[in-house]
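Here's the letter readout for the chains.
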Amino acid sequence: MELLRSGKVDPALLLTARGVLLEALEIYAAELVRRRLPMPPALRDDLRLQRGIRAARGLR
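Residues numbered from 1 in each chain as written. Predicted model: local features only at pLDDT ≥ 70, side-chain atom pairs only at ≥ 80, totals over all residues. Heavy atoms only, no water.

**Some points on the overall build of the protein**
Turning to step 1, where the next piece is worked out: Scanning the protein from N- to C-terminus turns up 3 helices and 0 strands.
Turning to step 2, where the next piece is worked out: When the elements of the protein are put in sequence order from the N terminus, they spell out α-α-α.
Turning to step 3, where the next piece is worked out: Taken against the 2.2 N^0.38 rule, which gives 10 Å for 60 residues, the C-alpha radius of gyration of the protein at 14 Å runs more than 25% over that of a compact globule.
Turning to step 4, where the next piece is worked out: Referenced to the eigenvectors of the C-alpha coordinate spread, the extents of the protein come out at roughly 40 × 30 × 15 Å. (Helix = DSSP H or I, 4+ residues; strand = E, 2+ residues; numbered from the N terminus. Rg over C-alpha atoms; globule rule 2.2 N^0.38 Å.)

Okay, structure coming up:
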């Protein structure tokens with residue numbers, strides 16, 4: 001736990017984790033749309049943020 005809190009970040013691991021997070025958020029949002037349920041503002045904001053990070057890095 002201390003190592004993780006030390007601020008040392010493996011860039012490849014961080015990139016992978018962001019990709020997994022974005023994929024999960026996209027699936028969750030799509031399911032809400034499919035069920036015609038409202039999108040929570042926090043989810044909308046997180047999607048916008050993660051999509052922006054992906055676009056800034058020129059990924060997918």
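The discussion continues.
**Overview of the nonpolar core**
Turning to step 1, where the next piece is worked out: The biggest cluster of nonpolar side chains holds 6 residues, and these are Leu22, Leu25, Ala29, Leu32, Leu43 and Leu47.
Turning to step 2, where the next piece is worked out: Going through the elements one at a time, α2 (11–34) and α3 (41–56) are the ones with two or more residues in this core.
Turning to step 3, where the next piece is worked out: Of all the elements, α2 adds the most residues to this core, at 4 residues.
Turning to step 4, where the next piece is worked out: Ignoring sequence-local partners within four residues, the contact set of alanine 29 consists of Met39, Leu43 and Leu47. (Core = buried A, V, L, I, M, F, W, Y, C linked by side-chain atoms within 4.5 Å. Buried < 20%, exposed > 50% of the residue type's maximum accessible area, 1.4 Å probe, protein only. Contact = heavy atoms within 4.5 Å.)

**What to know about the environment of leucine 15**
Turning to step 1, where the next piece is worked out: You can see leucine 15 is positioned in helix α2.
Turning to step 2, where the next piece is worked out: Leucine 15 sits 24 residues away from methionine 39 along the chain, and the two C-alpha atoms are 25 Å apart.

**Some thoughts on the pattern of salt bridges**
Pairing is possible between side chains of opposite charge, provided their charged atoms come close.
Turning to step 1, where the next piece is worked out: Taken as a whole and assessed by the stated rule, the structure comprises 5 salt bridges.
Turning to step 2, where the next piece is worked out: For glutamate 31, the salt bridge goes to arginine 34, with nearest N and O atoms at 2.7 Å. Taken together, the residues span about one helical turn, with glutamate 31 and arginine 34 both in helix α2 at a distance of 3 residues.
Turning to step 3, where the next piece is worked out: Glutamate 31 gets classed as partly exposed once you look at its relative accessible area, which sits at 28%.
Turning to step 4, where the next piece is worked out: Of the charged contacts, one joins arginine 35 and glutamate 31 as a salt bridge, the two residues approaching to 2.6 Å between their closest N and O atoms. (Salt bridge = Lys/Arg side-chain N within 4 Å of Asp/Glu carboxyl O.)

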